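Fold and contact review
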Amino acid sequence: DGDTSTSRPVIIWAYGGSFITGKRSDMENYCITFAKKGYVTATIDYRLWPLLVKGFPTGEQILDVVVQAVSDMKGSVRYFRKDADQTNQFKIDPARIIVGGISAGAITALHAANLDDQDVLSPFIQNAVDNNGGINGNTGDSLMLTYPSNVLSVINLSGGLYDADWLDANSPPFVSYHGDADATVPY
């Protein structure tokens, strides 16, 4: 109530669920907690593997879904930048966009923030990237795709990055929380 700030930082959250299940409302408490601290918060939907339709995915199929989720996260960053450039209905600072998530959502955020055109990709990863719009993805309309998808930082809650070599001097800083007994995502 009575908020007059027109330049708030943003945190875009993504839920966990092995890229098979989950929903935006899973991140509601994170959004509320950080909104009370002065952030604009959002939680995204991202493409999931349709388990009930197609059964269990192969490694190549789930990699394709991960790349689609990264595209969707990058699209959400571009969405906020486009809005800030036009009406700025959310009253954000487009230079202070943070992405984060839990488990699969954190994997999505880490890859959206760190995977760039300078990284060396294995052929099977390059194929998935090429099939989904390239390194910046294909999420958004033609105007939205003109906005950058780089982020200020990452909040990683039990996620992982496929290749540590993708971290470099240009990578955004991140905070990472992960339990050492996680049997699903290596810490």
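Attention here is on the structure that accompanies the text. In this text the structure is predicted, and so the values were computed from the model without any measurement.

1. Description of the layout of surface pockets
- One number sums up the size of the largest pocket: a volume of about 470 Å³.
- What lines the largest pocket is a set of 22 residues, and nearest its centre among them are F19, V66, I107, H111 and Y162.
- Those elements giving two or more residues to the lining of the largest pocket turn out to be α3 (59–86), α4 (104–114) and α5 (123–131).
- It is α3 that provides the largest number of residues to the lining of the largest pocket, a total of six residues.
- Each pocket or cavity is described by its volume, and for the second largest pocket that value is around 270 Å³.
- Forming the boundary of the second largest pocket are 16 residues, of which A112, A113, L115, D116 and N150 lie nearest the centre.
- Residue composition of the lining of the second largest pocket, grouped by class: seven nonpolar, six polar and three charged.

2. A look at the nonpolar core
- In this structure, I12, F19, Y46, M73, F80, I97 and V99 are the most contacted members of the largest nonpolar core, which totals 37 residues.
- Listing elements by their share of this core, those giving two or more residues are β1 (8–14), β2 (40–43), α3, β3 (92–102), α4 and β4 (153–157).
- In contact with I12, other than residues within four places in its own chain, are A42, I44, M73, S76, V77, F80, I97, I98, V99 and G100.
- Of all hydrophobic cores here, the second largest spans eight residues; its members include L63, V67, L115 and I125.

3. Looking at the pairing of β1
- Of all seven residues in β1, six are buried; the element is thus mostly enclosed.
- Pairing of β1 with β3 involves six bridges; the strand directions are parallel. From the neighbouring strand, W13 faces β3, where its bridge partner is G100.
- As paired strands, β1 and β2 are joined by four bridges and run parallel to one another. Bridge assignment links I11 to a residue of β2, and that residue is T41.
- Once you follow β1 into helix α1 (residues 28–35) and on to β2, the crossover reads as right-handed.

Here is what the cut-offs are and how they apply
Residues numbered from 1 in each chain as written. Predicted model: local features only at pLDDT ≥ 70, side-chain atom pairs only at ≥ 80, totals over all residues. Heavy atoms only, no water. 1 Å grid on protein atoms, 1.4 Å probe; cavity = no way out; pocket = protein on both sides within 12 Å on 5 of 7 lines; lining within 4 Å. Points joined across faces, edges and corners; volume = space filled by probe spheres on them. Helix = DSSP H or I, 4+ residues; strand = E, 2+ residues; numbered from the N terminus. Nonpolar A, V, L, I, M, F, W, Y, C, P; charged D, E, K, R; others polar. Core = buried A, V, L, I, M, F, W, Y, C linked by side-chain atoms within 4.5 Å. Buried < 20%, exposed > 50% of the residue type's maximum accessible area, 1.4 Å probe, protein only. Contact = heavy atoms within 4.5 Å. Pairing = 2+ DSSP bridges. Right-handed = clockwise from strand over helix to strand, strands pointing away.

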